[in-house]
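Survey of secondary and tertiary structure
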2 protein chains.
Amino acid sequence: MRKLLWVLVFPVSGAFAQDSAIIRRMADDILTNGQAYNNLRILCKQAPARLSGSANAAKAVALTEAMLREAGADTVYLQPCMVPHWERGAKEEAYAVTGNGRVSLAVCALGNSVGTPATGLTASVVEVRSFDELDKLGKKGLSGRIVFLNYPMNQTLVNTFSAYSDAVRYRVMGPSAAAKYGAVGFILRTLSTSLNDFPHTGTTRYDSTMPKIPAFAVSTNDAERLHVLVAKGAVKSIFMKASCRMLPDAPSYNVIGEIRGSEHPDEVVTVGGHLDSWDLAEGAQDDGAGIVQSIEVIRALKAQGIRPARTVRAVMFMNEENGGRGGKAYSDNAVADGLQYIFGLESDNGGFTPRGFSIGAKGAQLKAFTDWAPLFEPYGVYEWRVGGGGADVDPLVRAKAVVGELLPDSQRYFDFHHAGNDVFEAVNRRELLLGAVNMTALIYLVSKYGI
Amino acid sequence: MRKLLWVLVFPVSGAFAQDSAIIRRMADDILTNGQAYNNLRILCKQAPARLSGSANAAKAVALTEAMLREAGADTVYLQPCMVPHWERGAKEEAYAVTGNGRVSLAVCALGNSVGTPATGLTASVVEVRSFDELDKLGKKGLSGRIVFLNYPMNQTLVNTFSAYSDAVRYRVMGPSAAAKYGAVGFILRTLSTSLNDFPHTGTTRYDSTMPKIPAFAVSTNDAERLHVLVAKGAVKSIFMKASCRMLPDAPSYNVIGEIRGSEHPDEVVTVGGHLDSWDLAEGAQDDGAGIVQSIEVIRALKAQGIRPARTVRAVMFMNEENGGRGGKAYSDNAVADGLQYIFGLESDNGGFTPRGFSIGAKGAQLKAFTDWAPLFEPYGVYEWRVGGGGADVDPLVRAKAVVGELLPDSQRYFDFHHAGNDVFEAVNRRELLLGAVNMTALIYLVSKYGI
């Protein structure tokens, strides 16, 4: 759980007056000349659907390599990692068979799902809202049937990531929990806080001791429709068809751009997002935003002629979505390479207006951050929460780094997450750039003062 | 100027523990059963383009009267006011004549603008960026020409309303400033923080000592294009055509829904938004959002069975956009009716995620609000700024009321403001409802404790 630490803001103390002026200059530059929005357009339009192992993921590697050079990084290099390679195959199909004919359903396979037989799969459906209900129904109630798991995200949780944390277990573990009792297919109500027609994909994980059954998500609108039909007893059967499959692991890369530290080159400050995306859209909020913001940090420091005391690295992590292999490769290297990894900052919560940072520190280390807090108030960041980083930087804790993440406003994130509407146009230029402003300020301060 | 007062947040003190629980119940209800989003859809789709004096403005009066009854107001009534009645007429037309033919421009007339002659108006163009440049060019440089005032909003101001305050003088006073030197037409670069194809309208005000010249806004994208053409000397002339006109004042109404106070019925707590909108779109962010949020306050109080100690009024103000007559009628009445107007809260900054409140108070009155601040932290409101209310509640200061306004995130507001894309779909359900949560909490507290 995250704890609200403090949001007391007071005038910037004299000690930081110079930093305040430098941050102002960087902010003005980013808000007027920032390249993050243009880079996001390029990434989204030229390399959409950058799922690990795909041709577009490779294209994204090349594109961001070029962007980091253009941004002025001293060194740009690739860090190899092997990644899972899952393919969706042909567009999935699903419909409910009723007395009044077929009712088609907006679905997509969950990531890692197996396909159906080539001719599809037909079975009766049973709707549940929890694992408990599955357990109660047992083999008798579930064997040979398709489970429709209709658990809506909790709207009363103000931070939508809390609602996601609560609901995501059904996507990750639902298919095997249903297969345990002999279910032959699984359909999840899309994890979204809005009602719309986009099914949201995302990783599911099969329990190796259970049969692997095809697993879909259905749009929230169609989940509501299906619920009404099921409640009326109108659904005779459901048809599912998908040709997705897992291929052998494929070679891929993290992309790294670096400004070498002028005083402590062996102390590394990392900032990053993830380069891969799900395959249904352009991966704009998730996580093109974090990628182009991290590149912007490099550009903005260079544009002000700042030579950081410690080495600053922007890292485009590969394979956050379905494996985390890029984050692991980076931290494996960090543990072994003899450098000192002091901080890892991630942006993977969308390119929305920034509201705060989560920081995985306590005591004197935490105080270093809260002492800087007044410097962020002019740019809308008031929250400093004790918490972790994200999936890609958290492994850096093994290398003794403090980790953290940007906390943007969360209200719209699950309108787009892993869905076909996560496109460039869903990102607002100023919101994206303000995130980059605050990230640049924090990286600037850590690279200057350490922690 | 607004001053950031404090954003210190600490645990809710024992004195407010019961209030904290009641606010939690109201918030849960609003976030799950709230009607604000549904009401916004109805208002936007059934009564778009609710410009004062129009048939749709009258329809909006009837619609919100019904919504207030449905929300459970004890009394719903209309408060008459006469309003200006301006009509746009036929779709405006404008193009630049170049050596390579006509380049059409996305334009709209500014509100209150006169029309052109029926056959249009053709003149050479001169581009300026400031009033100073107009003064320098003088009669010699401007007489008989069309002025293109190309002043971009300042991107470095983090609060976009500050950038708007800086730029809006060119819309309000630009046409007469140009007419002073004999200009025959005026084209303003749209006041938007984004580059897009929507011209934004809004009020212009003619100086009665100057000739009234037709005044347009051109989209930011076309302002950029026109700038390039003008800089190259490629524009021979510009053509403008519009048939807008001012009609006699028309009768209209504020719509008021009230819950009578149980202990101090003569003390009135007002919450409102404005019912009129510009005519180019649906007036969703401006200010359908404030309207449906204010109705939601009534619904949410009633849904929890709360009988406020003081009278709570939701007011749908008419004519904020081009006259402020509704706000004036309400405050005229407040000064005269013998009741005590203790607080007026406005929501007219869009239905985006709430971040704070501006409060026009000091000393002990201000402390009443800041003592409540911890109650708002769970709902994302951290900022308590000393400032005014909005255009509709500010006149209540004459009736000795404290005024205030909701401060939502401002980054996207000027993407939509007064433009054709300000439609229902531009509003996010959760962002809108969270605003209503915080407004309801504040009205609940003021109605219980006074100030």
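Just so it is clear, the model here is predicted, and its values are computed rather than measured.

Criteria and thresholds
Residues numbered from 1 in each chain as written. Chains lettered and ligands numbered in written order. Predicted model: local features only at pLDDT ≥ 70, side-chain atom pairs only at ≥ 80, totals over all residues. Heavy atoms only, no water. Helix = DSSP H or I, 4+ residues; strand = E, 2+ residues; numbered from the N terminus. Buried < 20%, exposed > 50% of the residue type's maximum accessible area, 1.4 Å probe, protein only. Contact = heavy atoms within 4.5 Å. Areas by Shrake-Rupley, 256 points an atom, 1.4 Å probe, with all protein chains shown as cover. Lys, Arg positive; Asp, Glu negative; His and termini not counted. Charge placed at Lys NZ, Arg CZ, Asp CG, Glu CD. Pairing = 2+ DSSP bridges. Axes fitted to C-alpha atoms, helices over the stretch in contact; angles between N-to-C directions. Buried area = accessible area lost by both parts, 1.4 Å probe. Salt bridge = Lys/Arg side-chain N within 4 Å of Asp/Glu carboxyl O. Polar contact = N/O pair within 3.5 Å; in protein donor to acceptor, adjacent residues only side chain to side chain. Nonpolar A, V, L, I, M, F, W, Y, C, P; charged D, E, K, R; others polar. Expected span 1.5 Å × (residues − 1). Bend = angle between axes of the 7 residues up to and from the residue. Domains from an automatic or database assignment.

**Observations concerning the overall build of chain A**
- Broken down by element type, chain A carries 11 helices and 18 strands.
- Its C-alpha atoms give chain A principal-axis dimensions of about 75 × 45 × 35 Å.
- Residue burial in chain A is summarised as follows: out of 451 residues, 63% are buried.
- Once local pairs closer than 6 in sequence are excluded, the contacts in chain A between residues at least 24 apart make up 83%.
- About 15800 Å² of surface is accessible on chain A, with carbon and sulfur atoms providing 54% of the total.
- Here chain A contributes 46 positively and 46 negatively charged side chains, and the mean placements of these two sets differ by 4 Å.

**Here we look at the sheet that holds strand β4 (residues 101-104) of chain A**
Residues and elements named next belong to chain A.
- What the 4 strands build is an open sheet, ordered β4-β3-β11-β6; its pairing is antiparallel. Strands with a single pairing partner mark the edges of an open sheet, and in this sheet they are β4 and β6 (121-123). The mean angle between the axes of side-by-side strands here comes to 25 degrees, regardless of whether they run parallel or antiparallel.
- The sheet contact formed by strand β3 (residues 93-98) and strand β11 (residues 235-241) spans 6 bridges and is antiparallel. By the bridge assignment, Ala96 is partnered in β11 with Ile238.
- The strands that helix α6 (residues 220-231) touches are β3, β4 and β11; relative to β11, the one it contacts most, it runs at about 145 degrees.

**Structural notes on the pairing of β4 of chain A**
Residues and elements named next belong to chain A.
- With 4 bridges joining them, β3 and β4 adopt antiparallel strand pairing. Residue Thr98 lies in a different strand from β4, and its bridge partner there is Gly101.
- Following β3, the chain reverses through 2 residues before pairing antiparallel with β4.

**Section: the environment of Asp392 of chain A**
All names here are of chain A.
- You can see Asp392 is positioned in the loop between β17 (383-386) and β18 (402-408).
- Judged by its relative accessible area of 1%, Asp392 is buried.
- Here the alpha-carbon distance between Asp392 and Leu345, two residues 47 residues apart in the chain, equals 9.3 Å.
- Each residue touching Asp392, except ones within four places of it in the same chain, is listed here: His274, Phe317, Glu320, Gly327 and Glu346.

**Structural notes on the interface of chain A and chain B**
- At the interface, 33 residues of chain A touch 33 residues of chain B.
- Carbon and sulfur atoms supply 51% of the area that chain A and chain B bury against each other, a total of about 2900 Å² over both sides.
- In this assembly, chain A and chain B are joined by 4 salt bridges.
- Ionic pairing is found between Glu431 of chain A and Arg412 of chain B, a salt bridge with its closest N-O pair at 2.9 Å.
- Taken together, the connections running from chain A to chain B amount to 27 residue pairs in polar contact (both at pLDDT 80 or more).
- For the side of chain A that touches chain B, the secondary structure elements donating two or more residues are α1 (17-33), β16 (354-359), β17 and α11 (429-449) of chain A.
- In terms of residue class, the side of chain A that touches chain B is built from 12 nonpolar, 9 polar and 12 charged.

**Things to note about helix α5 (residues 160-179) of chain A**
All names here are of chain A.
- When the terminal C-alpha atoms of α5 are compared, their 29 Å separation across 20 residues agrees well with the 28 Å that a helix rising 1.5 Å per residue should span.
- Taking the largest bend as the criterion, α5 deviates by roughly 60 degrees, centred on Met173, and proline Pro175 comes between one and four positions later.
- Counting buried residues along α5, 15 of its 20 residues qualify, which places the element largely inside the surrounding structure.
- Put simply, Asn159 is the residue that caps the front of α5, since its side-chain oxygen is 2.8 Å from the backbone nitrogen of Phe161.

**Focus on the domain arrangement of chain A**
Residues and elements named next belong to chain A.
- Each domain of chain A was delimited in the assignment, giving domain 1 (3-85 + 248-449) and domain 2 (89-243).
- Once you take the C-alpha centre of each, domain 1 and domain 2 turn out to be 34 Å apart.
- With 17 residues of domain 1 at the contact, the number on the domain 2 side is 21 residues.
- Interface area for domain 1 against domain 2, summed over the two sides, is near 1400 Å², with a carbon-plus-sulfur share of 59%.
- Interface area lost by domain 1 to domain 2 is led by Trp278, Ser410 and Phe414, which between them contribute 38%.
- Where domain 1 meets domain 2, there are 0 salt bridges.
- Here the residues of the side of domain 1 that touches domain 2 sort into 6 nonpolar, 8 polar and 3 charged.

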